[in-house]
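Summary of the model geometry
Residues per chain are reported as follows:
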Amino acid sequence: MGQKLKIAGWLSVGALAGVLTTVSLQTVARGNLAPLPLEELQQLAAVFGMVKSDYVEPVDEKKLISEAISGMVASLDPHSQYFDKKSFKEFSEGTSGKFVGVGIEISQEDGLVKVVSPIEGSPADRAGLKPNDLITKIDDTAVKGLSLNDAVKRMRGEPKTKVLLTIFRKSENRTFPVTIVREEIKTQSVKSKVIEPGYGWIRVSQFQERTVDDFARKIEEMYKQEPQLKGLVLDLRNDPGGLLDAAVALSAAFLPENVTVVTTNGQLEESKFAYKASPQFWRRNNNNDPIARMTQATGGALKKVPLVVLVNEGSASASEIVAGALQDYKRGTLMGSQTFGKGSVQTVRQLGPDTALKITTARYYTPNGRAIQAKGIVPEVMLDETAEGNVFAALRTREADLEKHLSNGKEAEEKKDPAREKAREEALKKLEEESKKPVAERRLPEFGSDKDFQLIQALNKLKGLPVKASSTLAERKVDKKED
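Source: prediction; values computed, not measured. Position numbers for residues start from 1 in each chain and track the written sequence from start to end. With pLDDT at 70 or above as the cut-off, local features in this predicted model cover only qualifying residues; side-chain atom pairs require 80 or more to be listed or tallied, and sums for whole chains, interfaces and linings still use all residues. Just so you know, side-chain values use all the structure's heavy atoms and leave hydrogens and water out.

Remarks on the overall build of the chain
- Note on conventions: DSSP H or I runs of at least 4 residues are helices, E runs of at least 2 residues are strands, and numbering of each starts at the N terminus. Each helix and strand in the chain was counted, giving 14 helices and 19 strands.
- Whether a residue is buried, partly exposed or exposed follows from its accessible area with a 1.4 Å probe, protein chains only, as a fraction of its type maximum: under 20%, in between, or over 50%, in that order. Within the chain, the proportion of its 483 residues that are buried is 45%.
- The contacts of the chain with a sequence gap of at least 6 include a subset with a gap of at least 24, amounting to 69%.
- All accessibility values rest on the Shrake-Rupley procedure with a 1.4 Å probe; residue burial counts only the protein chains present in the view. Of the roughly 25,500 Å² of accessible surface on the chain, a fraction of 52% belongs to carbon and sulfur atoms. Two residues form a contact once any of their heavy atoms are found within 4.5 Å.

Here it is as structure tokens:
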């Protein structure tokens, strides 16, 4: 009877309370949690009413509720998020590796959009765009002054619509227009090549729906080209993560069958789970198992080929799961710098046809039980970015630097390190000096190029040659909790 009175009280507060009651009752049913407090719920409804009636101009009710939900979720940690219609669409595109656009990888140069590479087979590729082309206008809008995100939004759109790009090609010293018809683009998250006879490099830039298929195909192609591979470099630098099942599948490609890849632990019973190197944890349908196909095609070569894994401060989440699993089983040597430390699980729960909640539900742990959250994975061999040292590494943000980040769960919070703060100040000065140089002189070498210092050190490791390890990089530690 008491529970019925509480529900009646919630409903009497108003429409907003009614929405929240539904959510609360679902939560109670799933997690046996206490219902929402009535007094605070009344205050929320009262504020909503005051804003509606007293604010200087009319406000949209739906927008108010949407912003209230966004604020509530954002207060939890940096990775929980409420998706409205627009942001949910963008999120879905990011994990699927599909979007509607022209099909180019881009960067910024002197305020213009620079084509890094047209995606193979894309409208931009068919239109003849080349690396280093500069985009000066998108339709009638000058690119100078636009942010990279704004430029991307203008080039994306609906399928079969046209966009007019004005291109400046430096190599030919000419400007010309190109009309491109937008279509669905499937991004490539995996790149590979045989660097030299006997040694391969495969880079995973993000864990998307197509990553496992692309990875398996690239490995098969590599072994056709170089059947007697003596060593492989798995490059996970600046890989922000993505889909958990893709990370499990990639780890399984290198590990013995059915070993634990990663475990999760959270408040819900369903969050306490162990993911293993077994097809049931990544196979999306019975007819397609890219890892099994690749293992058979290569004779299981990936299970035993000498391996170096490159990571850095930009390696996060799914890439940390792979790195941690391979390190725990001593399957390869990790080289680079301490990873980002994003060791939390986000579950996406759809609220309506085009809205959803991405909420942190668990922490990740390596097979040996190490917590990744706010600490990351520490390589066996620390490497500088270049032969001259680290250019901008001190400026890179890690999970432990983010406001409201989730704690490690096992160790105390990382404290401010005066030496690291000083290094950041010096790096800022260096960045200012570097910005005055010509663009070609101030960029770090492209990953996978013959000037990639860390890749050269990885190859040296595979060949048994001397490695130039960092003399300055050290693990960022946290203080142990006292019992």
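Considering the side chain of Asp 328
- The residue Asp 328 is located in helix 11 (residues 318–328) in this model.
- We classify Asp 328 as buried; its relative accessible area is 12%.
- Of the polar contacts made by the side chain of Asp 328, one reaches the backbone nitrogen of Asn 368; its length is 2.7 Å.
- Ignoring sequence-local partners within four residues, the contact set of Asp 328 consists of Thr 366, Pro 367, Asn 368 and Arg 370. Within 3.5 Å is the distance limit for a polar contact, defined as a pair of N or O atoms, with the added protein rule that one can donate a hydrogen and the other accept it, and that residues adjacent in sequence qualify only through two side-chain atoms.

Quick notes on the environment of Ala 252
- Within the fold, Ala 252 resides in helix 9 (residues 244–254).
- Take Ala 252: its relative accessible area is 3%, and that puts it in the buried class.
- Between the C-alpha atoms of Ala 252 and Lys 276, which are 24 residues apart in sequence, the distance is 7.9 Å.
- For Ala 252, the contacting residues outside a window of four places in its chain are Ala 277, Trp 282 and Lys 303.

A word on the sheet that holds strand 12 (residues 231–235)
- Across the sheet, which stays open at both edges, the 6 strands sit in the order 10-11-12-15-16-19 with mixed pairing between neighbours. Strands with a single pairing partner mark the edges of an open sheet, and in this sheet they are strand 10 (190–196) and strand 19 (381–382).
- One requirement defines pairing of two strands: DSSP has to find at least two bridges between them. Two elements, strand 12 and strand 15 (residues 307–311), share 4 bridges in a ladder whose sense is parallel. Counterpart to Leu 232 in the pairing with strand 15 is Leu 307.
- Angles here are taken between N-to-C directions and fall from 0 to 180 degrees, while the axes themselves are lines fitted to C-alpha atoms, restricted in helices to the stretch in contact. Against the sheet, helix 8 (residues 211–225) makes contact with strand 10, strand 11 (199–204) and strand 12, and its axis sits at roughly 20° relative to strand 10, the strand it touches most.

A few points about the pattern of salt bridges
- By definition here, a salt bridge exists when the distance from a side-chain nitrogen of Lys or Arg to a carboxyl oxygen of Asp or Glu is within 4 Å. Inspection of every chain in the model, using the stated rule, returns 17 salt bridges.
- Of the charged contacts in the structure, one is a salt bridge between Asp 214 and Arg 217, with a shortest N-O distance of 3.2 Å. Of this pair, Asp 214 and Arg 217 both sit in helix 8, separated by 3 residues, roughly a single helical turn.
- By relative accessible area, which is 2% here, Asp 214 ends up buried.
- Each member of the salt-bridge network shares a partner with another, and the members are Asp 133, Arg 169, Glu 172 and Arg 174.

Here we look at helix 9
- Most of helix 9 is tucked away: 10 of the 11 residues are buried.
- Residues Leu 244, Ala 246, Ala 247, Val 248, Ala 249, Leu 250, Ser 251, Ala 252, Ala 253 and Phe 254 constitute the buried set of helix 9.

Remarks on the nonpolar core
- Phe 207, Phe 215, Leu 232, Leu 234, Phe 254 and Leu 302 are the most contacted members of the largest nonpolar core, which has 52 residues in total.
- If you tally residues by element for this core, the top one is helix 9, at 9 residues.
- In terms of nonpolar packing, the next biggest core, distinct from the first, is built from 17 residues, Ile 104, Val 113, Ala 124 and Ile 135 among them. Put simply, buried Ala, Val, Leu, Ile, Met, Phe, Trp, Tyr and Cys residues joined by side-chain atoms within 4.5 Å make one nonpolar core.

Things to note about the environment of Gln 457
- Position of Gln 457 among the secondary structure elements: in helix 14 (residues 453–463).
- A relative accessible area of 6% places Gln 457 in the buried class.
- Distance from Gln 457 to Val 467, taken between C-alpha atoms, is 5.4 Å for residues 10 residues apart in sequence.

Points about the pairing of strand 10
- Pairing of strand 10 with strand 11, which is carried by 6 bridges, proceeds in the antiparallel orientation. Looking across to strand 11, one finds that Val 190 is bridged to Val 204.
- Between strand 10 and strand 11, which pair antiparallel and follow one another directly, the connecting turn spans 2 residues, one of which, Gly 198, has a positive phi of 95°.

Section: unusual backbone geometry
- Backbone geometry at Asp 139 places phi at a positive 55°, although glycine is not the residue there.
- Classification of Asp 139 by relative accessible area gives partly exposed; the value is 32%.
- Of note in the backbone geometry, Asn 258 takes a positive phi value of approximately 70° without being a glycine.
- Along the chain, Asn 258 turns up in the loop between helix 9 and strand 13 (260–265).

Structural notes on the packing of aromatic side chains
- Pairing of aromatic rings covers Phe, Tyr and Trp, the last through its six-membered ring, and needs centres within 6.5 Å; plane angles under 30 degrees mean stacked, over 60 mean edge-to-face, and all others mean tilted. Enumeration according to the criterion identifies 5 aromatic pairs in this entry.
- Pairwise contacts between aromatic rings join Phe 273, Tyr 275 and Phe 281 into one cluster.
- Counting as a charge over the ring demands two things of the Lys NZ or Arg CZ atom: a distance within 6 Å of the ring centre and an angle within 35 degrees of the ring normal. Geometry around Phe 176 places Arg 174 over its ring, the cationic atom sitting 4.2 Å from the centre.
- Lying across the ring of Tyr 199, Lys 463 places its NZ or CZ 5.5 Å from the centre.

Structural notes on the environment of Val 163
- For Val 163, the position within the fold is in strand 7 (residues 162–169).
- Each C-alpha atom, one on Val 163 and one on Arg 182, is 7.3 Å from the other, the two residues being 19 residues apart in sequence.
- Sequence-distant contacts of Val 163, defined by excluding residues within four places in its chain, comprise Val 102, Ile 138, Asp 139, Arg 154, Val 178, Thr 179, Ile 180 and Arg 182.

As for the packing of helix 9 against helix 11
- Axis separation between helix 9 and helix 11 bottoms out at 9 Å; the angle between their running directions is 25°. Accordingly, the angle class assigned to the pair helix 9 and helix 11 is roughly parallel. Here the hand of the crossing between helix 9 and helix 11 comes out right-handed. Where helix 9 abuts helix 11, its residues Leu 244, Ala 247, Leu 250, Ser 251 and Phe 254 lie against Ala 318, Ile 321, Val 322, Ala 325 and Leu 326.
- Taken together, the residues of the contact of helix 9 with helix 11 break down into 9 nonpolar, 1 polar and no charged. The scheme is simple: roughly parallel for angles under 35 degrees, roughly antiparallel for over 145, roughly perpendicular for 65 to 115, oblique for anything else. Note: crossing handedness is left-handed where the near helix turns anticlockwise from the far helix by less than a right angle, and right-handed where it turns clockwise. As a working rule, the residues Ala, Val, Leu, Ile, Met, Phe, Trp, Tyr, Cys and Pro are called nonpolar, Asp, Glu, Lys and Arg charged, and the rest polar, with Gly in that last group.

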